[in-house]
Amino acid sequence: MYHRPIMVNEVLSGLSIDPNGVYVDATLGGGGHSEAVAQLLENGKLISIDQDQDAINEAKKRLDKYGNVIIVKDNFENLDKVLKNLNIEKVNGILMDIGVSSHQLDEGDRGFSYNLDAPLDMRMNKEAEISAWNIVNEYSEEALEKIILDFGEERWGKRIAAFIVEARISNHINTTFELSEVIKKAIPKQVRMGMKHPAKKVFQAIRIEVNRELEVLDIALDKALNALLPGGRLAVLTFHSLEDRIVKERFRHWQSDCICPPTSPICQCDKEKEAIIVNRKPITASDEELETNPRAASAKLRIIERC
């Protein structure tokens with residue numbers, strides 16, 4: 001099943017595709033964005049990166065017909081190494097579609113979804129050592145609380161962490177439904193009634209920890225800017241406030257030509273403007289897209305151009 005890429009027209013417009021340019025889809029996923037870019041290339045080239053072999057296998061089905069696409073299995077935090085191995089110094093544009101893909105959510109055995117009963121896993125790279133099971137069953141109560149509060153922004157994080165630790169004393173928590181039940185018990189019934197799903201924020205938090213998502217994004221952003229040609233563009237799609245905050249702050253830093261404290265009478269930092277923000281406010285999905293693809297509701301697209 002092919003999943004619709006989110007805001008595909010806005011992404012293509014934001015990247016300002018040169019038919020003869022070199023582009024990177026740093027997060028291949030289902031391959032929808034990659035295919036859209038590949039269709040616009042003539043003598044250009046597209047490098048598509050993903051750490052999930054299952055995602056690569058599925059994406060190849062829709063990309064094999066394009067002779068201008070190179071698929072690389074890796075984490076996009078290694079963007080610099082990927083390009084070096086391909087003897088590519090600079091590129092015209094880079095897309096990062098951050099977070100879990102629709103394909104991963106819909107795969108019943110991956111453990112990403114609280115709506116499907118599956119082993120606690122959540123690894124985007126199946127070869128990674130740490131899974132959701134390790135976090136839920138082995139992390140200390142304090143570590144669990146911090147993850148749920150910081151990455152899930154769940155106000156009941158302290159209570160949920162305590163309930164998880166209590167529940168795992170008698171038996172390991174092995175499945176997504178088992179974890180969901182513990183979370184439901186931890187959140188008062190009157191509060192749960194107003195929630196879409198009580199486990200949503202906790203699952204997000206654990207997934208972020210398993211895959212080091214915010215750390216990887218932080219590393220990859222700087223590498224992406226360094227890989228761009230002058231005039232090259234970086235487009236980043238985020239799906240929750242933590243990701244968007246990192247991107248927004250990094251973009252502002254790159255555009256700034258001074259980072260001295262406001263109290264400093266003269267500039268002493270010697271910082272130069274590295275990039276120009278293309279869209280001051282994040283681009284969001286149109287009403288028309290939301291009608292057919294509700295997963296686009298939380299998406300925000302930010303674009304920046306290398307000086």
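Student: I tried to follow the packing of aromatic side chains on my own but got confused; where do I start?
Tutor: Each aromatic ring pair is characterised by the separation of its centres together with the angle its planes make. Inspection of every chain in the model, using the stated rule, returns two aromatic pairs. Ring geometry for Y114 and F203: centres 5.6 Å apart, planes at 90°, overall edge-to-face. Here the residue Y114 occupies a position in the loop between α5 (102–106) and α6 (132–138), and F203 occupies one in helix α11 (residues 200–211), the gap between them amounting to 89 residues.

Student: Before we go on, may I ask you to explain the packing of helix α9 (residues 176–186) against α11 in this structure?
Tutor: Closest axis-to-axis distance for the α9/α11 pair is 10 Å, and the angle between their directions is 125°. Considering the angle they form, α9 stands oblique to α11. Along this stretch, α9 crosses α11, giving a crossing that reads as right-handed. Contact residues: T176, L179, S180 and I183 in α9; V202, F203 and I206 in α11. Residue classes in the contact of α9 with α11 are distributed as five nonpolar, two polar and no charged.

Student: What am I meant to see in the sheet that holds strand β1 (residues 22–25) here?
Tutor: Adjacent strands of a sheet form backbone hydrogen bonds with each other and so pair up, either parallel or antiparallel. Taken in spatial order, the seven strands make up an open sheet running β3-β2-β1-β4-β5-β7-β6, and their pairing is mixed. Edge positions in the sheet fall to β3 (69–73) and β6 (275–277), since each of these pairs with one other strand and no more. Across the sheet, the axes of successive neighbouring strands diverge by a mean angle of 20°, strand direction being ignored. In the packing of helix α1 (residues 8–15) onto the sheet, contacts are made with β1, β4 (91–97), β5 (228–238) and β7 (300–306), and the angle to β5 comes to roughly 160°. On the sheet, helix α12 (residues 213–227) packs against β4, β5, β6 and β7 and is oriented at approximately 155° with respect to β5.

Student: Help me understand the environment of Y114, please; the structure alone is not making it clear to me.
Tutor: The spatial distance from the C-alpha of Y114 to the C-alpha of H197 is 8.5 Å, given a sequence separation of 83 residues. Discounting chain neighbours no more than four positions away, the residues touching Y114 are F177, S180, H197, A199, K200 and F203.

Student: I would appreciate a short explanation of the environment of K201 in the present structure.
Tutor: By the element assignment, K201 lies in helix α11. Since its relative accessible area comes to 40%, K201 is described here as partly exposed. Considering only alpha carbons, one finds K201 and F151, 50 residues apart in sequence, at a separation of 8.1 Å. If we ignore the near neighbours within four places in the chain, the residues touching K201 are G152, E153 and E154.

Student: Would you mind going over the pattern of salt bridges with me for this structure?
Tutor: When the charged atoms of two side chains lie near each other, side chains of opposite charge can form a pair. Enumeration according to the criterion identifies 21 salt bridges in this entry. A salt bridge links D218 to R250, with the nearest nitrogen and oxygen atoms 2.2 Å apart. Of the two residues, D218 is situated in helix α12 and R250 in helix α13 (residues 241–255); the sequence distance between them amounts to 32 residues. Residue class for D218 comes out partly exposed when judged on its relative accessible area of 32%. Exposure remark for R250: the relative accessible area of 14% places this residue in the buried category. Two residues, E305 and R233, come together in a salt bridge whose shortest N-O distance is 2.9 Å. Of this pair, E305 sits in strand β7 while R233 sits in strand β5; the two residues are 72 residues apart in sequence, bridging distant segments of the chain.

Student: Help me out: how do you make sense of α9 in this one?
Tutor: One turn of the α-helix equals 3.6 residues, which is why residues spaced by three or four share an orientation. When α9 is considered as a whole, its buried residues turn out to be T176, L179, S180, V182, I183 and A186. Buried residues of α9, viewed axially, fall in a sector of 160°; they line one side.

Student: How should a positive patch on the surface be read in this particular structure?
Tutor: A cluster of basic residues, R155, K196, K200 and K201, forms a positive patch on the protein surface. Note that K196 resides in the loop between α10 (189–192) and α11.

Student: Just checking my understanding: could you explain the side chain of E35 for this structure?
Tutor: Assignment of secondary structure puts E35 in helix α2 (residues 32–38). Reaching out from E35, the side chain makes a polar contact with the side chain of R62 at a distance of 3.1 Å. Polar contacts involving the side chain of E35 include one to the side chain of Y66, which spans 3.1 Å. Not counting chain neighbours up to four residues away, the residues in contact with E35 comprise R62, L63, K65 and Y66.

Student: What is the right way to read the nonpolar core from this model?
Tutor: Among soluble globular proteins, nonpolar side chains are generally buried collectively. Formed by 35 residues in total, the largest nonpolar core has its most connected members in V24, I94, M96, L221 and L234. Leave out the neighbours within four places in its chain, and M96 touches A26, T27, F76, L217, A220, L221, A224, L234, A235, V236 and L237.

Student: Help me understand the environment of I56, please; the structure alone is not making it clear to me.
Tutor: Among the structural elements, I56 can be located in helix α3 (residues 53–63). According to the relative accessible area criterion, I56 is buried, its value standing at 3%. For the pair I56 and G31, spaced 25 residues apart in sequence, the C-alpha separation works out to 8.2 Å. Contact partners of I56, with chain neighbours within four places excluded, come to L28, D50, I71, V72 and K73.

Student: Got a minute to help me understand the pairing of β5 in this structure?
Tutor: Within a regular beta strand, the side chains point alternately toward one face of the sheet and then the other, so they alternate between its two faces. The buried fraction of β5 amounts to eight of the 11 residues, a majority that puts the element mostly inside the structure. Pairing of β4 with β5 involves six bridges; the strand directions are parallel. Among the inter-strand pairings, V91 is bridged to a residue of β5, identified as L228. Pairing of β5 with β7, which is carried by six bridges, proceeds in the antiparallel orientation. Counted as the bridge partner of L237 is L301 from β7.

Calculation notes
- Residues numbered from 1 in each chain as written.
- Predicted model: local features only at pLDDT ≥ 70, side-chain atom pairs only at ≥ 80, totals over all residues.
- Heavy atoms only, no water.
- Phe/Tyr/Trp six-rings, centres within 6.5 Å; stacked < 30°, edge-to-face > 60°.
- Helix = DSSP H or I, 4+ residues; strand = E, 2+ residues; numbered from the N terminus.
- Axes fitted to C-alpha atoms, helices over the stretch in contact; angles between N-to-C directions.
- Parallel < 35°, antiparallel > 145°, perpendicular 65-115°, else oblique.
- Left-handed = near helix turned anticlockwise from the far one by under 90°.
- Contact = heavy atoms within 4.5 Å.
- Nonpolar A, V, L, I, M, F, W, Y, C, P; charged D, E, K, R; others polar.
- Pairing = 2+ DSSP bridges.
- Buried < 20%, exposed > 50% of the residue type's maximum accessible area, 1.4 Å probe, protein only.
- Salt bridge = Lys/Arg side-chain N within 4 Å of Asp/Glu carboxyl O.
- Arc of directions from axis to C-beta.
- Patch = residues over 30% accessible without salt bridge, like charges linked within 9 Å, V, L, I, M, F, W, Y side chains within 5 Å.
- Areas by Shrake-Rupley, 256 points an atom, 1.4 Å probe, with all protein chains shown as cover.
- Lys, Arg positive; Asp, Glu negative; His and termini not counted.
- Charge placed at Lys NZ, Arg CZ, Asp CG, Glu CD.
- Polar contact = N/O pair within 3.5 Å; in protein donor to acceptor, adjacent residues only side chain to side chain.
- Core = buried A, V, L, I, M, F, W, Y, C linked by side-chain atoms within 4.5 Å.

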